[in-house]
Amino acid sequence: MLHVYIDKISNYTVGLDVYPKGRLLEILSCKSEKVKTQKYASWKLLENALKSSLNLQIKDLEFEKLDNGKWVASGVYFSISHSDDFVCVAISNSQVGVDIEKVKIVADNLDKKILTETELETYKKLDKIEKNNFLLTAWTGKESVYKKLDSKTFNPSKIELADYSVKSYNLSVDKTEFLLSVCSEKINTIYFQNNVKNLYIKN
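Note that the structure is predicted; figures quoted are calculated from it, not measured.

Draft legend 1. Just the overall build of the protein chain, in detail. The number of helices and strands found in the protein chain is five helices and 10 strands. In summary, the protein chain has a C-alpha radius of gyration of 17 Å against a globular reference of 17 Å for 203 residues, a match within 12%. Considered along the principal axes of its C-alpha atoms, the protein chain spans approximately 50 × 35 × 35 Å. Within the protein chain, buried positions represent 46% of all 203 residues. Long-range pairs, those at least 24 residues apart, make up 62% of the contacts in the protein chain between residues at least 6 apart in sequence.

Draft legend 2. Quick look at helix α2 (residues 33-54). The end-to-end C-alpha distance of α2 is 31 Å, a good match for the 32 Å that 22 residues give at a rise of 1.5 Å each. Taken together, the buried positions of α2 are occupied by Lys36, Gln38, Tyr40, Ala41, Ser42, Trp43, Lys44, Leu45, Leu46, Ala49, Leu50 and Ser53. Those residues of α2 hidden inside the fold are in contact with β1 (2-8), α1 (21-28), β2 (63-65), β3 (71-73), β4 (77-83) and β5 (86-92).

Draft legend 3. Up close: the pattern of salt bridges. One pass over the structure, following the stated rule, counts 10 salt bridges. Its salt-bridge partner being Lys142, residue Glu119 comes within 2.5 Å of it at the nearest N-O pair. Here the residue Glu119 occupies a position in helix α4 (residues 117-123), and Lys142 occupies one in helix α5 (residues 128-149), the gap between them amounting to 23 residues. For the pair formed by Glu119 and Lys142, the shared burial category is buried. Between Lys148 and Glu185 there is a salt bridge, with the nearest N and O atoms lying 3.9 Å from each other. Here Lys148 is found in helix α5, whereas its partner Glu185 is found in the loop between β8 (176-184) and β9 (190-194), with 37 residues between them in sequence. Among the residues examined, Lys148 registers a relative accessible area of 13% and is labelled buried. Bridged by salt links that share partners, the residues Asp17, Lys44 and Glu47 form one connected network.

Draft legend 4. Representation of the sheet that holds β5 in the model. Strand order in the open sheet formed by four strands is β4-β5-β1-β9, with mixed pairing between adjacent strands. The open sheet terminates on both sides in strands that have one partner only, identified here as β4 and β9. Within the sheet, the average angular offset between the axes of one strand and its neighbour, ignoring direction, is 20 degrees. By the bridge criterion, seven bridges tie β1 to β5 in an arrangement that is antiparallel.

Draft legend 5. Up close: the state of the cysteines. For the coordinates displayed, the defined rule picks out zero disulfides. In this structure Cys88 is a free cysteine whose sulfur lies 14 Å from that of Cys183, the closest cysteine sulfur available.

Draft legend 6. Just unusual backbone geometry, in detail. With an omega of 5 degrees, the peptide bond between Tyr19 and Pro20 qualifies as cis. Inspection of the secondary structure puts Pro20 in the loop between β1 and α1. Even without being a glycine, Asn55 presents a positive backbone phi close to 55 degrees. Position of Asn55 relative to the elements: it lies in the loop between α2 and β2. Judged by relative accessible area, which is 66%, Asn55 ranks as exposed. Even without a glycine there, the phi angle at Asp84 is positive, about 55 degrees. By secondary structure assignment, the location of Asp84 is in the loop between β4 and β5. Residue class for Asp84 comes out partly exposed when judged on its relative accessible area of 39%.

Rules behind the numbers
- Residues numbered from 1 in each chain as written.
- Predicted model: local features only at pLDDT ≥ 70, side-chain atom pairs only at ≥ 80, totals over all residues.
- Heavy atoms only, no water.
- Helix = DSSP H or I, 4+ residues; strand = E, 2+ residues; numbered from the N terminus.
- Rg over C-alpha atoms; globule rule 2.2 N^0.38 Å.
- Buried < 20%, exposed > 50% of the residue type's maximum accessible area, 1.4 Å probe, protein only.
- Contact = heavy atoms within 4.5 Å.
- Expected span 1.5 Å × (residues − 1).
- Salt bridge = Lys/Arg side-chain N within 4 Å of Asp/Glu carboxyl O.
- Pairing = 2+ DSSP bridges.
- Axes fitted to C-alpha atoms, helices over the stretch in contact; angles between N-to-C directions.
- Disulfide = S-S within 2.5 Å.

Keep in mind these values describe shape, not function.
Now the structure itself:
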């Protein structure tokens with residue numbers, strides 16, 4: 001089972017209704033109001049996802065924060081990402097990683113920091129537009145791999161994307177283009193849920 005939820009961050013107003021207490025304190029300690037709202041929205045979307053897909057109440061779960069800053073729960077796997085005004089949550093019964101990024105121009109000089117030697121060979125044969133799409137897809141894909149593996153450090157040039165089960169989607173949400181990547185062994189059974197109008201999934 002693999003469900004992915006997407007919603008607008010602007011649909012949320014930060015409150016005190018967050019469980020566990022450690023996560024609430026983490027959210028409230030954010031100096032940036034934008035980051036605070038992003039973290040709150042992602043957790044409330046997770047709460048909704050758990051209830052809708054697994055009929056689980058968030059307060060029935062035991063949460064732990066790992067040394068790398070990632071929150072995990074007993075009995076269920078989840079991953080969180082946000083970009084611009086959108087937040088994304090993936091939940092599954094096996095390890096999962098998700099990343100959502102607003103489509104933008106990626107600096108050419110980042111290619112060697114993002115790509116492996118094998119990926120660079122393919123990248124060099126592409127035209128300018130294809131190169132940008134390739135870099136952005138590689139970045140989000142590798143972010144999803146990093147999150148799935150619970151690694152302590154993120155070194156994209158050391159991740160050979162072809163070695164992992166990753167799927168990327170182009171999303172058009174309220175006239176804004178996004179790229180979403182999911183890393184999971186359940187990738188062929190992905191199911192999208194959203195509260196956003198005009199959400200289109202293009203395989």
